[in-house]
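Results of the structural survey
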Amino acid sequence: MKVRAKPKIAFFDFAGCEGCQLTVLDALQTHPELLDVVEIVQFREAMSEKGDNYQVAFVEGSYTRREDRERLQSIREHAQIVIALGACAHLGGVNAMRNWGPQEEIRHYVYREFARVHDSDHARPISSAIPVDGFIPGCPIDRDEFVAAVRQLLQGRIPEIPDYPVCVECRLQEIPCLFMQGKLCLGPITRAGCGSICPAHGQSCLGCRGQVTQANFQGLQAAAGEYRLDRALVEERLKFFQSDRLLNSEGAGDGR
Ligand code: SF4
Ligand code: SF4
Ligand code: SF4
């Protein structure tokens, strides 16, 4: 009987806290059967081997340095499928908040006398450097969504991510709406799939999963006005995860 080779996958990290890679490690512990069907050839957080023969590349972290582009291009050349893993890679993420200020000053503020040895610049999603085939959103990613994504990839499909707002998950779970408590929430424009975890714990959604394709900003602003919330807060909140999109506004409402 001919034994079919397992698809080879690899994980790469750029600027990020590595929380998404930790979630992958967690997923591999709770779903060890994944290791029966895929072969991991590179995963710095978990192993020292570095194989360059892989079909699927999962990339965590945002693109912040000039040399990152070359590395991303090399990953793109090796992989048949590139998946952005988590908000940093998908959106630029929290790192992109620094894009609002002068980079030199920010580097100095953070690194002081060591600023000159750090060459990081604006934080961008990896899609601004290379074509990306799919993404697993969130900060961090959702473990079960990662497992489902691997299963879909094994079936030859690009992972399907919900394209309806977090509010739908709130309604299904009968979670009281935070607007009624005078709290601004980005759930109406944010991609569902996290099970409304923040509103379920009384916290506003900050939009870590990116926006739905048909994001209704006017509706969100109108709701803020209706509940006497400062409309300027909407943009402030968007800066947490959407700074790159706000600063490159042609991407507005494109489902990032
Ligand atoms: S998306 Fe969040 S958890 Fe993942 S690497 Fe970035 S900051 Fe960390
Ligand atoms: S709490 Fe947020 S996510 Fe939930 S229904 Fe209200 S606006 Fe939507
Ligand atoms: S509720 Fe919003 S911020 Fe919280 S995990 Fe879900 S998408 Fe992210």
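Structural notes, computed from the coordinates. For clarity, every value in this text was computed on a predicted model and none was experimentally measured.

Turning our eyes to something else, we now look at the packing of aromatic side chains. Counting across every chain of the model gives six aromatic pairs. Seen in terms of ring centroids, F11 and F58 are 5.1 Å apart; in terms of plane orientation they differ by 15°. Their pairing is stacked. Of this pair, F11 sits in strand β1 (residues 8-13) while F58 sits in strand β3 (residues 56-60), and the two are 47 residues apart along the sequence. Judged by its relative accessible area of 1%, F58 falls in the buried class. The structure contains a cluster of three or more aromatic residues connected by ring pairs, namely F11, F43, F58 and F146. The ring of F14 carries R71 above its face, with NZ or CZ at 4.1 Å from the centroid.

Next up on the list: the site of ligand 3. In the vicinity of ligand 3, the contacting residues are T190, C194, I197, C198, P199, C205, L206, G207, C208 and R209. When its residues are assigned to classes, the shell around ligand 3 shows seven nonpolar, two polar and one charged.

Around ligand 2 lies a shell formed by V166, C167, C170, R171, C177, L178, F179, C185, G187, P188 and P199. The element best represented in the shell around ligand 2 is helix α7 (residues 166-173), accounting for four residues. Taken together, the residues of the shell around ligand 2 sort by class into nine nonpolar, one polar and one charged.

In summary, soluble globular proteins display a tendency toward joint burial of nonpolar side chains. In this structure, F11, V24, F58, L85, I136 and F146 are the most contacted members of the largest nonpolar core, which totals 21 residues. Broken down by element, this core gets its largest block of residues, five residues, from helix α6 (residues 143-154). The contact partners of I136, leaving out residues within four places of it in the chain, are F58, I83, A84, L85, G86, I141, E145, F146, A149 and I161. Judged by nonpolar contacts, the second largest core, of 17 residues, contains F12, I75, A89 and I126.

To continue, consider the pattern of salt bridges. Side-chain pairs of opposite charge can arise whenever the charged atoms involved come near each other. Counted under the stated rule, the structure contains 14 salt bridges. Between R143 and D26 there is a salt bridge, with its nearest N and O atoms 3.1 Å apart. Residue R143 is located in helix α6, and its partner D26 is located in helix α1 (residues 19-30); the two are separated by 117 residues in the primary sequence. With a relative accessible area of 32%, R143 lands in the partly exposed category. A relative accessible area of 30% means that D26 is categorised as partly exposed. D133 is paired through a salt bridge with R76; the nearest N and O atoms lie 2.9 Å apart. One end of the pair, D133, is in the loop between α5 (103-111) and β5 (134-136); the other, R76, is in helix α3 (residues 66-78), with 57 residues separating them in the sequence. Taking the relative accessible area as the measure of exposure, R76 reaches 18% and is therefore buried. Taken together, the shared-partner salt bridges in this structure form one network comprising D13, E18 and R44.

Conventions and cut-offs
Residues numbered from 1 in each chain as written. Chains lettered and ligands numbered in written order. Predicted model: local features only at pLDDT ≥ 70, side-chain atom pairs only at ≥ 80, totals over all residues. Heavy atoms only, no water. Phe/Tyr/Trp six-rings, centres within 6.5 Å; stacked < 30°, edge-to-face > 60°. Helix = DSSP H or I, 4+ residues; strand = E, 2+ residues; numbered from the N terminus. Buried < 20%, exposed > 50% of the residue type's maximum accessible area, 1.4 Å probe, protein only. Lys NZ or Arg CZ within 6 Å of the ring centre and 35° of its normal. Near = heavy atom within 4 Å. Nonpolar A, V, L, I, M, F, W, Y, C, P; charged D, E, K, R; others polar. Core = buried A, V, L, I, M, F, W, Y, C linked by side-chain atoms within 4.5 Å. Contact = heavy atoms within 4.5 Å. Salt bridge = Lys/Arg side-chain N within 4 Å of Asp/Glu carboxyl O.

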